[in-house]
Structures are given as C-alpha cells and as structure tokens.
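Here's the letter readout for the chains.
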Amino acid sequence: AQSVTQLDSQVPVFEEAPVELRCNYSSSVSVYLFWYVQYPNQGLQLLLKYLSGSTLVKGINGFEAEFNKSQTSFHLRKPSVHISDTAEYFCAVSDQVTGGGNKLTFGTGTQLKVEL
Amino acid sequence: GAGVSQSPRYKVAKRGQDVALRCDPISGHVSLFWYQQALGQGPEFLTYFQNEAQLDKSGLPSDRFFAERPEGSVSTLKIQRTQQEDSAVYLCASSFVNQPQHFGDGTRLSIL
C-alpha cells in the first residue's frame, strides 16, 4: 500500500514569483509518480509524470518536478507563476505493476492561489 | 469530443433513493477507473475495469455500490439506498494499459 502527503493545504504566491508545492510518498514497492491539476468544477488534468529515467521531469504550462528516491519526494516547481495557475494541485502515486491495474493514490491536494 | 464524458454533471437525490452515474471513456481505452472525491479531499479509488472485466473493486465502500461495464466501453456506477455520506464528486478515468489516466469532469452527487 502507498500513501501520499502534501503538507501544504494552501500556498499563496504573487504573480511572477517562483513556487514549490511539496509532495512526499510512502511505498514498499517501486512507484510511478504524477502531478495533476484541478480547476473548479472540472476533472483532473495531468501536469507531468515520472516513470523512469531522468529524475527531473518537465511538464505542461512550465511546471517541472524532481524525483528524489532517498527522500521519497516529488516536489513540483514553477519559476514564475501566472494568475491562471490558480487551482488545486494533486500529487499521486501508483504501483509499478503490469496488467493495467495502476490505480492512483492521491494526496489531499494543495490550493495554489496566485495574487496580483 | 475526444475526452472522457460523464453524465449527469450534477445529481440531487433524496436519502434512500438509487442513483446511476454514467461514464463514456475515450475510444479504445481498455482501462477504466472510478474514484470518489469528498469535499476538500483528494480522489479515492473505488474500482477498476480492464475491458468488461472488473479486476479490482477493493475501494467500493459498501455493498450498496455496484459498477459495471458490460461491453467493455461505457460504464455505470450505481449506488443503492443512498445515504448522506455518499455525497461527493465521482470521477471516471480511462487509459490504455499502463498509461496515464485521463479524467472526466465528474458527477457531483448531493444526497438530501
């Protein structure tokens, strides 16, 4: 079984400032890692994923994340945020299993609020 | 549209009524997942289908919850004798095998 911890429930930041959203996970097996974004009254949109290879992963909308196995972390960063980045961000993990049953375990989310 | 489609978008029911939520996955996606998202929380896994086979239903909270995907495409999540704690957003996601999941916009269920 896995668990995901997002310690920051809300992160306020001014427009054009950098931001980091923290994610730590726990698992007894190797995992895949994901960040999703959710805008109000919408489903989840995949921002980026770590499956294997380079630990620095680049995603859409200028976001990137770094997988740190020793610290079991997968923090999300953006060097300069825009007002349109205001949304809820979810970190998620799944087992590296075959057969397609890669159900996701989500954190409780971080509300990013970008202010002018 | 090419995305995952869920209907209805909003459903209000009285406690004790049965409800049915529909999910149309992306064409060709073999895998289909249902999640429940309570207010202010992350989504929680309910059940998983590969084609028409329900391979994992470990997240269904009680025997009042039932899901089916009879022809390996459209799926229906049914909740019998609804209770107030069933109020949540129900998300459907689909994918190719072992590929990232694509989510629908969800059905917001309110039980009065």
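Quick look at the structure, then. None of these values were measured; they are calculated from a predicted model. (Residues numbered from 1 in each chain as written. Chains lettered and ligands numbered in written order. Predicted model: local features only at pLDDT ≥ 70, side-chain atom pairs only at ≥ 80, totals over all residues. Heavy atoms only, no water.)

Our next topic: the overall build of chain A. Each helix and strand in chain A was counted, giving 0 helices and 12 strands. Listing every helix and strand of chain A by position from the N terminus yields β-β-β-β-β-β-β-β-β-β-β-β. Rg of the C-alpha trace for chain A: 14 Å, near the compact-globule value of 13 Å for 116 residues, within the 12% margin. Based on the C-alpha atoms only, the size of chain A along its principal axes is roughly 45 × 30 × 25 Å. Nonlocal contacts in chain A, meaning residues at least 24 apart in sequence, comprise 57% of its contacts between residues at least 6 apart. (Helix = DSSP H or I, 4+ residues; strand = E, 2+ residues; numbered from the N terminus. Rg over C-alpha atoms; globule rule 2.2 N^0.38 Å. Contact = heavy atoms within 4.5 Å.)

For the rest of this paragraph, the subject is the sheet that holds strand E1 (residues 5–7) of chain B. Residue and element names in this part refer to chain B. Ordered in space as E1-E3-E8-E7, the 4 strands form an open sheet in which the pairing is antiparallel. Lying at the two open borders of the sheet, with one neighbouring strand each, are E1 and strand E7 (65–68). Pairs of neighbouring strands in the sheet enclose a mean axial angle of 15 degrees, with direction left out of account. (Pairing = 2+ DSSP bridges. Axes fitted to C-alpha atoms, helices over the stretch in contact; angles between N-to-C directions.)

In this structure the tally under the stated criterion is 1 cavity of 30 Å³ or more. The space that makes up the largest cavity amounts to roughly 30 Å³. Together, Tyr32(A), Phe34(A), Leu51(A), Asn102(A), Asn98(B), Gln99(B) and Pro100(B) line the largest cavity. Each residue belonging to the lining of the largest cavity can be placed in one class, and the counts come to 4 nonpolar, 3 polar and no charged. (1 Å grid on protein atoms, 1.4 Å probe; cavity = no way out; pocket = protein on both sides within 12 Å on 5 of 7 lines; lining within 4 Å. Points joined across faces, edges and corners; volume = space filled by probe spheres on them. Nonpolar A, V, L, I, M, F, W, Y, C, P; charged D, E, K, R; others polar.)

With that settled, the discussion passes to the interface of chain A and chain B. Across the contact, 21 residues belong to chain A and 25 residues belong to chain B. A buried area of about 1,700 Å², summed over both sides, lies between chain A and chain B, and 50% of it is on carbon and sulfur atoms. Between chain A and chain B we count 1 salt bridge in total. For the side of chain A that touches chain B, the elements supplying multiple residues, two or more each, are strand E5 (31–38) and strand E6 (44–50) of chain A. (Buried area = accessible area lost by both parts, 1.4 Å probe. Salt bridge = Lys/Arg side-chain N within 4 Å of Asp/Glu carboxyl O.)

Another point: unusual backbone geometry. Ser7(B) connects to Pro8(B) through a cis peptide bond whose omega is -10 degrees. Note on placement: Pro8(B) falls in the loop between E1 and strand E2 (10–13). Although it is not a glycine, Glu16(A) adopts a positive phi angle of roughly 75 degrees. Looking at the element boundaries, Glu16(A) is found in the loop between strand E2 (10–14) and strand E3 (19–21). One non-glycine residue, Asn61(A), lies in the positive phi region at around 60 degrees. Within the secondary structure, Asn61(A) is located in the loop between strand E7 (56–58) and strand E8 (64–68). You can call Asn61(A) partly exposed: its relative accessible area is 41%. (Buried < 20%, exposed > 50% of the residue type's maximum accessible area, 1.4 Å probe, protein only.)

The next point concerns the state of the cysteines. Should the sulfur atoms of two cysteines be covalently bonded, the bond is a disulfide. The full count for this structure, using the stated rule, is 2 disulfides over all chains. What pairs with Cys23(A) in a disulfide is Cys91(A), and their sulfur atoms sit 2.0 Å apart. Between Cys23(A) and Cys91(A), the S-S dihedral sits near -65 degrees, and the bridge is therefore left-handed. Linking Cys23(A) in the loop between E3 and strand E4 (24–27) with Cys91(A) in strand E10 (residues 87–95), this pair joins segments that are 68 residues apart in sequence. In this structure, Cys23(A) and Cys91(A) share a single accessibility class: buried. Covalently, Cys23(B) is tied to Cys92(B) through a disulfide, its sulfur atoms 1.9 Å apart. For the disulfide bridge between Cys23(B) and Cys92(B), the dihedral angle about the S-S bond is near -65 degrees, and by the sign convention the bridge is left-handed. Here Cys23(B) is found in strand E3 (residues 19–24), whereas its partner Cys92(B) is found in strand E9 (residues 88–95), with 69 residues between them in sequence. Taken individually, Cys23(B) and Cys92(B) each receive the classification buried, so the pair is uniform in this respect. (Disulfide = S-S within 2.5 Å.)

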